[in-house]
Amino acid sequence: MRGNEVKIEGFIGKTIKTNDNKTYVSFSLSVKKQDKKYNYFDCKGFKDVSKNFDLKASDLVVVEGHLDIEEYKNKDGVEVKKPVIIIEKVYKKYNDDVPY
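Residues numbered from 1 in each chain as written. Predicted model: local features only at pLDDT ≥ 70, side-chain atom pairs only at ≥ 80, totals over all residues. Heavy atoms only, no water.

Undergrad: What exactly am I supposed to notice about the overall build of the protein chain here?
TA: Along the backbone of the protein chain there are one helix and five strands. Counting from the amino terminus, helix and strand elements in the protein chain follow one another as β-β-β-α-β-β. By its C-alpha atoms, the protein chain is 45 × 35 × 30 Å across when sized along the principal axes. A total of 100 residues make up the protein chain; the buried ones form 30% of that total. In the protein chain, once contacts between residues fewer than 6 apart in sequence are set aside, the share between residues at least 24 apart is 56%. When the accessible surface of the protein chain is summed, it comes to about 7300 Å², and 47% of that surface belongs to carbon and sulfur atoms. (Helix = DSSP H or I, 4+ residues; strand = E, 2+ residues; numbered from the N terminus. Buried < 20%, exposed > 50% of the residue type's maximum accessible area, 1.4 Å probe, protein only. Contact = heavy atoms within 4.5 Å. Areas by Shrake-Rupley, 256 points an atom, 1.4 Å probe, with all protein chains shown as cover.)

Undergrad: Looking at this model, I keep getting lost on the side chain of S26. Mind explaining?
TA: With respect to the element layout, S26 can be found in strand β2 (residues 24–32). Among the polar contacts listed, one links the side chain of S26 to the side chain of Y24, at a separation of 3.3 Å. (Polar contact = N/O pair within 3.5 Å; in protein donor to acceptor, adjacent residues only side chain to side chain.)

Undergrad: Please clarify how the nonpolar core should be interpreted in this entry.
TA: The nonpolar side chains of a soluble globular protein tend to be buried, and buried together. Within the largest apolar cluster, 16 residues are counted, with the highest numbers of intra-cluster contacts made by F27, L29, V63 and V90. Where this core is concerned, the elements lending two or more residues are β1 (6–18), β2, β4 (60–73) and β5 (79–92). Here the element with the most residues in this core is β2; it accounts for four residues. In contact with L29, not counting residues within four places along its chain, are I8, G10, F11, I12, N39, Y40, F41, C43, V61 and V63. (Core = buried A, V, L, I, M, F, W, Y, C linked by side-chain atoms within 4.5 Å.)

Undergrad: How do you make sense of the layout of surface pockets when you look at a structure like this?
TA: Empty space among the atoms can be located by rolling a probe the size of a water molecule over them. What the largest pocket holds in volume is close to 180 Å³. Looking at the largest pocket, the residues that line it are T15, K17, Y24, S26, F27, S28, D42, C43, K44, E70 and K82. Of all the secondary structure elements, the ones that give two or more residues to the lining of the largest pocket are β1, β2 and β3 (38–46). No other element matches β2, which puts four residues into the lining of the largest pocket. (1 Å grid on protein atoms, 1.4 Å probe; cavity = no way out; pocket = protein on both sides within 12 Å on 5 of 7 lines; lining within 4 Å. Points joined across faces, edges and corners; volume = space filled by probe spheres on them.)

Undergrad: What is the right way to look at the sheet that holds β2 in this model?
TA: The strands making up a sheet associate through backbone hydrogen bonding, with each pair oriented either parallel or antiparallel. Judged by pairing direction, the barrel is mixed, and its five strands sit side by side in the order β1-β2-β3-β5-β4 before closing back on the first. On average, adjacent strands in this sheet sit at an angle of 50° to one another, irrespective of strand direction. Pairing between β1 and β4: six bridges, direction antiparallel. From the neighbouring strand, V6 faces β4, where its bridge partner is G65. (Pairing = 2+ DSSP bridges. Axes fitted to C-alpha atoms, helices over the stretch in contact; angles between N-to-C directions.)

Undergrad: What am I meant to see in unusual backbone geometry here?
TA: Note on backbone geometry: most residues besides glycine have negative phi, and most peptide bonds are trans. Located in the positive-phi region is K47, a residue other than glycine, with phi close to 50°. Looking at the element boundaries, K47 is found in the loop between β3 and α1 (48–51).

Written out as structure tokens, the structure reads:
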């Protein structure tokens, strides 16, 4: 494993964003914690990932990629930095024995 690699399993959130020419896709990934609450991770994919993206909200998936820091100014003009997973590979997980 390289230094900045991520492989994480979770459910695709309700909102999947993409542009008209399918060069970009983004969604939130919900990952269940042991206390039955969820963590949410922003995921973004480009090029081949977005062109071939055919998953739906609530699908259980595995996301492989790397972490990046997204920087922007919010509506109040405050600079915000947040981690985002840049997707290199995403695929549906077929498992009848999912503990979720």
